[in-house]
Each structure stands twice: as C-alpha cells, then as structure tokens.
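One letter stands for each residue in the lines below.
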Amino acid sequence: MRPRRGPGNSAANLAALGAVADLVTVVGDDEDGRRLTAALRDCGVSTSGVLVEPGRRTVAKRRLVAGEQLVARLDEGDVGPPRRRTRELVDLVLRRAAEADAILVADYGLGVCCQEVLDALRDHRDELPPLVVDAHDLRPWARVRPDLVTPNASEAAALLGDGTGEDLAPSTDPHQAERRVAAVERARAELLLACGAGAAVVTLDRVGAVLLVGPDPEEHPAHRTWAEPAPESHANGAGDTFVSAMTAAVAAGLPLATAVELAQLAADVVVRRPATSVCTAAELAERLGRNGPVDPEHLARLVAEHRAAGRRIVFTNGCFDVLHRGHVAYLNQAKRLGDVLVVAVNDDEGVARLKGPDRPVNPAVDRAAVLAALSCVDHVVVFPEDTPAALLERLRPDVYVKGGDYTPEMLAEAGLVRRLGGEVRILDYVPDHSTSAVIARIRAGEAVR
C-alpha cells in the first residue's frame, strides 16, 4: 500500500526523489490512520510528526475502478481542525520548519491547516525557509505571504473572480492552449496579489504550467512548460508529483524556472502510468537524458512525421554556451510560434571559430543535453558548419527564429528560409543576459544576476 493522494502522496514523492521528507499532520486512532502511517514509513517518509487524535476518523478516499476508468469514489473521515491537539500541532509545525530547507503545505481544505497554524506561520514568517503552498483555496494564505503557490486552472479562476474562469477552462482543442496561457499571463498582478505570494505556478493539466515571478513581466518574463500528452485517467496524483519535485528543487537552491522544468518532467513520468505513482530520482534522471541530440538523418525523418501530422515546425540555432535566463525566455517564445521546436547547436570547433579559442565553456554534448531537458525543446541536433544552411534546406522549417540582437538583414539564412517558403522571426532580447556578459562577470568575480 502507498498513500494515493494529498499530503501523504506529496511526502512519498519527496522521499522517492531523495529528499528527507518529514510529514506533519493529524490522523485518527483508527485502522485507516495506522495503515496510512505504515504506508508512509514504507515509502521512506518520517512519521514522527504525525499526531494521533483519539476519537478522530482518518480521512480515507476509496475508489471503484474498472480497467483504467474511475467509476466512483467514496470519501470518509472527519474534517475540521484537531479538537484536542491544536497547540501541539502548532508547536510541531514551527519546530520542524526551523530545521527544514523548505516547507511544502498541501492544504486540501480538510482542517489540519487550521487558523492557529496559519497564524503561527504568519507570526514567524521571517524566520521560515522557502514556503511553498499547494492549496485548494489560497485566499486564507495571502496573509502568510508564501514564497510560491501552485494553483491549478480552477483554483486560479476562483482567485480571479468573474470573467477569467471561461478563459482558463480546459479544452480538447489544442489551439486553445495559448488562449489559456495568455489568460494566466494577463492576470499576473491580480493573481499574485490575491494569494499574497512572491511567485505562482499555474498548472494547466495537459497544456503544461506557467511560472509568474513578481509583478513586472519586463523584469521576469513568464516561463512556460509543455506537458507530454497522456490520458486523463492517468493524471491522478500528477499534481502532487509536480509540486513535490518543484519543492525539492527549491530546497536545493535551484532557480525557479529550473525547478518548474524539473517538476514538469517528474509529472510527465507519472502520467505514463494508469495508477497514482511517484517519480524516483533515477526515473527523473533517465527522463532528463532521454531527449538527447539526434543525427540529421533521424531528425529529418522525425520532422517529416511531424509535418505529415499537420504540426508547425520552428527552428533556431546557436552556441547556447552557459545556458542563462535570456536563452530560456527566448526558447519559450520560439516554441509558442508553432508545435515543434528544433534547436541546432554549433559543435565545439564551430563555437571556437565564432567566439574565440577560449570557447566553448561547455562541450557540445553537455550543451545539447541541457537544452533537450527543457520542456519547450522537442529536438536537438549538433552541426559542424558555421551556418545551419544545410539543415534548413533539409528540414524546411515553417518558422526560423533568432534573438533580438539580430536583424533579418544580418542573417545570411533569411533569404534561404524565405525561398523555401518559411517565415523569419526576430524575438525579444533580454538585455545583459548574453553568454559573453555572463562569462565576463564570472571572470571578474561578480555575482551573476
């Protein structure tokens, strides 16, 4: 047996990823409480913070499943604040928080996250490590000022009020995906204000997720992830996996965009399975390495298959040495111009010819692997020439993209792309985030912003 949903499943996912997971909650002195506690221990979760309250019935959710289809669910147990152990719960939360690298709150509205707990976290907010809140209703958490919140589409719509729910509603039409993402981006300031958070990740099921950091989109552009399509019946618990992987990455000190990318990959692992599951560290590592670079022959066949399926092909190229925020924002924009993003990477000799003998900092195999791990990138290919002209002729992309530090007139490939029937697009440039600028600051001993 394994915890199937909620805080137990989140704790089990954290433990599977190699984190030291310590669950603080309240269960009843009953058979379901004992089964849950034993299952948590089997998953490697510390249960020393699980309080047992006599007379309380542990919340249990039982499912009737036919094949992979959920037929019915029966929920039992007591909801509401603990009646006898509230003070002990508050003290335990604060003690464990003081020892943690990050706090993940999984608030399903069942009462354990009671008023007293919220008051204590608010009163000690400046002493706490990063606080991630995954709650059905984020409004009570606004006064606690979480570092990061993770509403899904319906939870975000509830925060935003009238008019937004329709924009965020799930749709089977793939062309509606960008409408949903745009709705989230437009609501950035209102959403962060409503939940009192410094950052929010709005999860949009099969569309992916959108990271919003701070109120200023110029300073921190929205970061989008792309989910691998999977049957709806496989999605149970994927949100728990997502937020657990993201919290583990935050606790390790990784940037938020990286944390969200890892979370998306972890969720993609579990949605391949029919039942609620966890993503282990080994599975996440395997998933990270799965989309390595392909050779031009194989890539041409893959692109032909995409085109036959009616997908729009976007192509970009570059050295991508020392991947930074400007690269990631640019690749996110590029992906949104079509359905499939192909990234061509200069090989090591090519980078040296273009940038000088002290470059690249990272070899082509590493640069390609990092790019392939981004959910917005579908295929990576390494090329030896100074320009990608040969690849462009072979692949005939619908859109050829370069960053805003170029103009179409500067690109020798622009005329070729247009002769092949493609479109040339120049995207936004993030100032002071070129690779050369990053390397110069590193060599000067400055902090890299």
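This text goes with the structure placed above it.
Residues numbered from 1 in each chain as written. Predicted model: local features only at pLDDT ≥ 70, side-chain atom pairs only at ≥ 80, totals over all residues. Heavy atoms only, no water.

(A) Fine view of the nonpolar core. Core analysis: the biggest nonpolar cluster contains 46 residues, and Val 133, Trp 141, Leu 191 and Leu 204 have the highest contact counts within it. Apart from residues lying up to four places away in sequence, Leu 204 is in contact with Ala 153, Arg 180, Val 181, Val 184, Ala 209 and Val 210. Of all hydrophobic cores here, the second largest spans 26 residues; its members include Leu 211, Phe 242, Ala 267 and Leu 284. (Core = buried A, V, L, I, M, F, W, Y, C linked by side-chain atoms within 4.5 Å. Buried < 20%, exposed > 50% of the residue type's maximum accessible area, 1.4 Å probe, protein only. Contact = heavy atoms within 4.5 Å.)

(B) Geometry of the packing of helix 5 (residues 153-160) against helix 8 (residues 188-195). Interaxial distance between helix 5 and helix 8 falls to 9 Å at its minimum, and their mutual angle equals 85 degrees. In terms of orientation, helix 5 and helix 8 fall into the roughly perpendicular class. For the pair helix 5 and helix 8, contact is made by Ala 156, Leu 159 and Leu 160 and by Glu 190, Leu 191, Ala 194 and Cys 195, respectively. The residue inventory of the contact of helix 5 with helix 8, partitioned by class, reads six nonpolar, no polar and one charged. (Axes fitted to C-alpha atoms, helices over the stretch in contact; angles between N-to-C directions. Helix = DSSP H or I, 4+ residues; strand = E, 2+ residues; numbered from the N terminus. Parallel < 35°, antiparallel > 145°, perpendicular 65-115°, else oblique. Nonpolar A, V, L, I, M, F, W, Y, C, P; charged D, E, K, R; others polar.)

(C) Molecular detail of the pairing of strand 1 (residues 25-28). Of the two faces of strand 1, the one carrying Thr 25 and Val 27 and the one carrying Val 26 and Gly 28 are both buried. The pairing of strand 1 with strand 2 (residues 50-53) spans four bridges and is classified as parallel. Residue Thr 25 lies in a different strand from strand 2, and its bridge partner there is Val 50. In terms of handedness, the path from strand 1 via helix 2 (residues 31-42) over to strand 2 forms a crossover that is right-handed. (Pairing = 2+ DSSP bridges. Right-handed = clockwise from strand over helix to strand, strands pointing away.)

(D) Up close: the packing of aromatic side chains. Per the counting criterion, the structure on display carries one aromatic pair. Seen in terms of ring centroids, Phe 315 and Tyr 400 are 6.0 Å apart; in terms of plane orientation they differ by 40 degrees. Their pairing is tilted. Taken together, the residues Phe 315 in strand 11 (residues 313-318) and Tyr 400 in strand 14 (residues 399-402) connect sequence positions 85 residues apart. Its guanidinium or amino end placed over the ring of Trp 226, Arg 224 lies 4.1 Å from that ring's centre, counting from NZ or CZ. (Phe/Tyr/Trp six-rings, centres within 6.5 Å; stacked < 30°, edge-to-face > 60°. Lys NZ or Arg CZ within 6 Å of the ring centre and 35° of its normal.)

(E) Examining the pattern of salt bridges more closely. Evaluated as defined, the whole model comprises 29 salt bridges. When the shortest N-O distance is used, the salt bridge between Glu 228 and Arg 287 registers 2.8 Å. Remark: Arg 287 occurs in helix 11 (residues 281-290) and Glu 228 occurs in the loop between strand 10 (223-225) and helix 9 (238-251); sequence separation between them is 59 residues. A single burial state applies to Glu 228 and to Arg 287, both of which are buried. Put simply, Asp 119, Arg 122, Asp 123 and Arg 143 are held in one network by salt bridges that share partners. (Salt bridge = Lys/Arg side-chain N within 4 Å of Asp/Glu carboxyl O.)

(F) Structural view of helix 5. Of all eight residues that make up helix 5, six are buried, and the element is covered over most of its length. Taken together, the buried positions of helix 5 are Ala 153, Glu 155, Ala 156, Ala 157, Leu 159 and Leu 160. Once helix 5 finishes, Gly 161 follows within two positions and takes phi at roughly 80 degrees, a positive value.

(G) Broad picture of the sheet that holds strand 10. Spatial strand order, 5-6-7-8-9-10: six strands in an open sheet with mixed pairing. In this open sheet, the two edge strands, each paired with only one partner strand, are strand 5 (103-107) and strand 10. Lying on the sheet, helix 7 (residues 177-186) is in contact with strand 8 (199-203), strand 9 (209-213) and strand 10; it crosses strand 9 at an angle near 20 degrees.

(H) Just unusual backbone geometry, in detail. Residue Pro 360 is reached from Arg 359 by a cis peptide bond, and omega for that bond is 5 degrees. As for its position among the elements, Pro 360 is in the loop between helix 14 (348-355) and helix 15 (364-372). Its identity is not glycine, yet Asp 205 carries a phi of approximately 45 degrees, on the positive side. Looking at the secondary structure, you find Asp 205 in the loop between strand 8 and strand 9. Judged by relative accessible area, Asp 205 falls into the partly exposed class, the value being 38%.

(I) Here's a closer look at the sheet that holds strand 11. Sheet architecture is open: five strands sit in the order 13-12-11-14-15, paired in parallel fashion. Taken across any chain shown, the strands that pair with only one partner, and hence form the sheet edges, are strand 13 (379-383) and strand 15 (423-426). Each adjacent strand pair in this sheet contributes to an overall mean axis angle of 25 degrees, direction not counted. Relative to strand 15, strand 14 runs parallel, the two sharing four bridges. Among the inter-strand pairings, Tyr 400 is bridged to a residue of strand 15, identified as Val 424. Along the sheet face, helix 13 (residues 325-335) touches strand 11, strand 12 (340-346) and strand 14 and points at about 140 degrees away from the line of strand 12.

(J) Here's a closer look at the side chain of Thr 25. Tracing the backbone shows Thr 25 in strand 1. On the basis of relative accessibility, which here comes to 14%, the residue Thr 25 falls in the buried class. Excluding anything up to four places from it in sequence, Thr 25 contacts Gly 49, Val 50, Leu 51 and Val 112.

(K) Geometry of a negative patch on the surface. A surface patch of negative charge is lined by Asp 216, Glu 218, Glu 219 and Asp 428. Looking at where Glu 218 falls in the secondary structure, it is placed in the loop between strand 9 and strand 10. Here Glu 218 falls in the exposed class, since its relative accessible area comes to 71%. (Patch = residues over 30% accessible without salt bridge, like charges linked within 9 Å, V, L, I, M, F, W, Y side chains within 5 Å. Areas by Shrake-Rupley, 256 points an atom, 1.4 Å probe, with all protein chains shown as cover. Lys, Arg positive; Asp, Glu negative; His and termini not counted. Charge placed at Lys NZ, Arg CZ, Asp CG, Glu CD.)

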